[in-house]
Structure formats: C-alpha cells, structure tokens
Amino acid sequence: SVMKSHFYLRPLLLLCCAGIMHSTTISQSVSGVINTYYKVTGVNVIPNTVTVPSASGLTPGLKILIIQMKGASINSTNTSSFGNLASIGNAGNYEFNYICGISGNNVLLQYQLLRSYDVAGSVQLIPVPQFSSVTVADTVKASNWNAGTGTGGVVVMEATNTIFLNAPIDVSGKGFSGGALVNYAGCVWSTDVTAYTLPAAPADPNTNGARKGEGIADFIANGDYGRGKQANGGGGGNNHNTGGAGGSNYGIGGNGGTRSNETFFACHGLNPGIGGLTLSGSGYTIPNNRIFMGGGGGGGHQNNSVGTPGGNGGGIII
C-alpha cells in the first residue's frame, strides 16, 4: 500500500509544482549577510523531499542551493600518509532546485536531485536571492561556518542582468575552522615529537602537538592533533614551538615553520605542521564539478601563551 500511495501521489505533486512561478526581485542594493542557511537532516529520494529542523522562512517557488560541505574519508595511519584522501565521498556535491511545497519540516523539491548527498557530511539548503540587477553597495559576506551545525560559509545570489560591484563580496575566513590554540607546560630537550597524529591535548611533553585545521573530512577520534594534514586542513605544529601548516583548496597548503635558535640541549622543534592537500583533482574538473571551502590552518605549538591559532579557510561564492 505504501508503494501505491507514492505512485499516485507523485504525479499530483509534480502537477502542483508545474504551476509555481519563480519570482525575481527588481534592481536593488545589498550588503552584509544576504543568505540564510538550513541544515539538511534527511534526503528522501521518494517522495523527493529534504528534511530540515525548521522550515520557517521557506516558501514554495524559492530557488535553492543544496550543497554538501564535508564527507570525505582519510588515511588514519600514524605515518606521512595521514590525512591523504581515501575517498572523496559526496563532499563538494551541489545543485540548484526550486521549492515545490512544504509539509511540516519536509521540503518538496520541484526537480529530482541529480547527485547523492550524505547528511552526516554537513548538507545545507540555502535560498538563492534573485534579482533583475543588483548593486553590492557595501561588503557582502557569508555567515561564519559553524562546524557544530554544519551551516554557513557560502554566499550565493543570482541576477538575470547585472551585478554591480560597488563593494566586494568577501568570504575570507568564512571557511573551515583553524586549529584552536592550546598552551602546553613545556618540553623535554632529548625528545623529538615526530607523530603525525596525536590525541586531544596530551599533557605529556614527550607526545604533544597542536590541533589540526578542519577540512572536508571529519576529525579522526583521538587523532585531531599533531603535524599530519587533515585532508585540506593544515597539520598542527609538534612540540616544541613549531608552526601550524596552511589549509588548502585547489592548491596545496604551506608547511609550518621550525623552531628558531635550535641547539642540542634546547627543546627541539623540527616537526612543524604539514600543509593541506590539493583538491585540484578531487572534483573541480569536468564532469565531477564539485566545490569546496578552504581548509583551516593548523594551530601553532606554544608553551608560553604567545602563540596563535590556525586561521580559518575561505568560504564559497556563487
């Protein structure tokens, strides 16, 4: 009986969608954050809906972007291969659609989704502001990426005629989060910390390193510290006082710096963070057509409260 209900229901829904008019706002000025972000908690191929925690603010006829921010898997061995991509998964998949109808927290889409999405990889639904012509009067930016909710980091809008850039569209620092700063007690001069992956903030000076930057793969449990890259997230600097590495996107991230004034009886700092992976071959090319936020930089190692955390990666502009 369930199969029958879907069989008869879908043509009716499609007929309803066929009558929706897609509206375009006339010329106007925009600035600040112009997008809203909805976490997708379910992708339902039948009956062609996505589920969000709250559909408040969504209406039939809206053009929307569906985009998956993460979902890759990585090598987790404590070697130089740590952080290499094992699988890109559905990370970076995106497409446009229109809202056909809303029932509770379920959003009915006008067109069947063409790509696969895994909600564990931070999928979001973003309404697309549409204009005939639009002037960017003051800086347009994305909301900060929120790793907890898996939302933010994207600016998307559309004009049928012209977008006048009287000010920038800037998503600097709106991408994946940089490695948080941790202050350690000290070091042991006779020990080099060479590990590529370390547990969260270990107290032992023989084993500690700074936190990695966030990337398109989730952190490995008890392995989110140390110099190994985190896919396109930069590795954290290992003990003692080494620099975190740069996050990456299309190009690779730069490696962190070693400790200066190295001497035999001083604490050693020869193992800085390793730069994030290039994603140039992971979907940017046709026919894959994926898009990714910039990886966060790894944190620098410190023991005297004067270090700095890793910087956030860049967001996405469409």
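Definitions and limits used
Residues numbered from 1 in each chain as written. Predicted model: local features only at pLDDT ≥ 70, side-chain atom pairs only at ≥ 80, totals over all residues. Heavy atoms only, no water. Helix = DSSP H or I, 4+ residues; strand = E, 2+ residues; numbered from the N terminus. Contact = heavy atoms within 4.5 Å. Salt bridge = Lys/Arg side-chain N within 4 Å of Asp/Glu carboxyl O. Buried < 20%, exposed > 50% of the residue type's maximum accessible area, 1.4 Å probe, protein only. Disulfide = S-S within 2.5 Å. pLDDT = per-residue confidence, 0-100. Core = buried A, V, L, I, M, F, W, Y, C linked by side-chain atoms within 4.5 Å. Pairing = 2+ DSSP bridges. Phe/Tyr/Trp six-rings, centres within 6.5 Å; stacked < 30°, edge-to-face > 60°. Lys NZ or Arg CZ within 6 Å of the ring centre and 35° of its normal.

## Re the environment of Gly257
Item 1. One can find Gly257 in the loop between β13 (158-165) and β14 (316-317).
Item 2. In this structure, the C-alpha to C-alpha distance between Gly257 and Arg211, residues 46 residues apart in sequence, is 15 Å.
Item 3. Once residues lying within four places of it in the same chain are set aside, the contact partners of Gly257 are Thr242, Gly243 and Pro272.

## Quick word on the pattern of salt bridges
Should their charged atoms come close, side chains of opposite charge can pair.
Item 1. Counted under the stated rule, the structure contains four salt bridges.
Item 2. With a closest N to O distance of 2.6 Å, Lys63 and Glu158 form a salt bridge. Placement of Lys63 in strand β5 (residues 63-68) and of Glu158 in strand β13 is noted, with a sequence separation of 95 residues between them.
Item 3. With relative accessibility at 27%, the residue Glu158 sits in the partly exposed group.
Item 4. With a closest N to O distance of 3.2 Å, Asp224 and Arg211 form a salt bridge. Note that Asp224 is positioned in the loop between β13 and β14 and Arg211 in the loop between β13 and β14, a separation of 13 residues in sequence.
Item 5. What you see here is one network of salt bridges that share partners, running through Lys70, Glu214 and Asp218.

## Considerations on the state of the cysteines
Item 1. Enumeration over the complete set of coordinates arrives at one disulfide.
Item 2. What pairs with Cys187 in a disulfide is Cys267, and their sulfur atoms sit 1.5 Å apart. Its S-S torsion of approximately 85° makes the covalent link between Cys187 and Cys267 right-handed. With Cys187 in the loop between β13 and β14 and Cys267 in the loop between β13 and β14, the pair connects residues that are 80 residues apart, well separated along the chain.
Item 3. Among the residues examined, Cys187 registers a relative accessible area of 24% and is labelled partly exposed.

## A closer look at the confidence of the model for the protein chain
Item 1. Residues at a pLDDT of 70 or more form 90% of the protein chain, whose mean pLDDT is 90.
Item 2. In this model residues 1-16 is a low-confidence stretch, pLDDT under 50, and it forms ten contacts with partners more than four residues away in sequence or in other chains.

## Observations concerning the nonpolar core
Item 1. Residues Leu65, Ile67, Met69, Ile126, Val154, Ile216 and Ile316 are the most contacted members of the largest nonpolar core, which totals 35 residues.
Item 2. For this core, the secondary structure elements donating two or more residues are β5, β11 (130-141) and β12 (154-155).
Item 3. With near-sequence residues (within four places) excluded, Ile216 lies in contact with Met69, Lys70, Gly71, Ala72, Leu85, Ile88, Ala91, Phe176, Ala231, Asn232, Leu279 and Phe292.
Item 4. Residues Leu58, Ile66, Leu109 and Val123 belong to the second largest nonpolar core, which totals 15 residues.

## A word on the sheet that holds strand β8 (residues 94-103)
Item 1. Read from one edge to the other, the open sheet built from seven strands follows the order β2-β10-β5-β8-β9-β4-β3, with strand pairing classed as antiparallel. The outermost strands of the open sheet, each flanked by one partner alone, are β2 (38-39) and β3 (42-44).
Item 2. In this structure, strand β4 (residues 49-51) lies alongside strand β9 (residues 106-109), joined through three bridges in antiparallel fashion. Bridge assignment links Thr51 to a residue of β9, and that residue is Asn106.

## Concerning unusual backbone geometry
Peptide bonds are mostly trans, and most non-glycine residues show a negative phi.
Item 1. Here Ile46 and Pro47 are connected by a cis peptide whose omega angle stands at 15°.
Item 2. Inspection of the secondary structure puts Pro47 in the loop between β3 and β4.
Item 3. If you check the backbone angles, Ala231 has positive phi at about 55° while not being a glycine.
Item 4. Tracing the sequence through the fold places Ala231 in the loop between β13 and β14.
Item 5. Judged by relative accessible area, which is 0%, Ala231 ranks as buried.

## Side note on the environment of Asn312
Item 1. You can see Asn312 is positioned in the loop between β13 and β14.
Item 2. With a relative accessible area of 43%, Asn312 lands in the partly exposed category.
Item 3. Asn312 sits 116 residues away from Tyr196 along the chain, and the two C-alpha atoms are 21 Å apart.
Item 4. Setting aside its immediate chain neighbours within four residues, Asn312 contacts Gly173, Gly175, Phe176, Ser177, Gly178 and Gly296.

## What about the packing of aromatic side chains?
Item 1. Inspection of every chain in the model, using the stated rule, returns seven aromatic pairs.
Item 2. Relative to Tyr111, the ring of Tyr98 lies with its centre 6.4 Å away and its plane at 70°, an arrangement referred to as edge-to-face. Within this pair, whereas Tyr98 is found in strand β8, its partner Tyr111 is found in the loop between β9 and β10 (123-127), the two being separated by 13 residues in sequence.
Item 3. Tyr98 sits in the buried class, given a relative accessible area of 14%.
Item 4. Here the aromatic rings of Tyr284 and Phe292 are separated by 5.4 Å at their centres, their planes lie at 80°, and the arrangement is edge-to-face.
Item 5. On the accessibility criterion, Tyr284 (27% relative accessible area) is partly exposed.
Item 6. Three or more aromatic residues link up through ring pairs in this structure, and these residues are Trp189, Phe264 and Phe265.
Item 7. The residue whose ring lies beneath Lys63 is Phe96, and the NZ or CZ to ring-centre distance is 5.1 Å.
Item 8. Geometry around Phe219 places Arg211 over its ring, the cationic atom sitting 4.4 Å from the centre.

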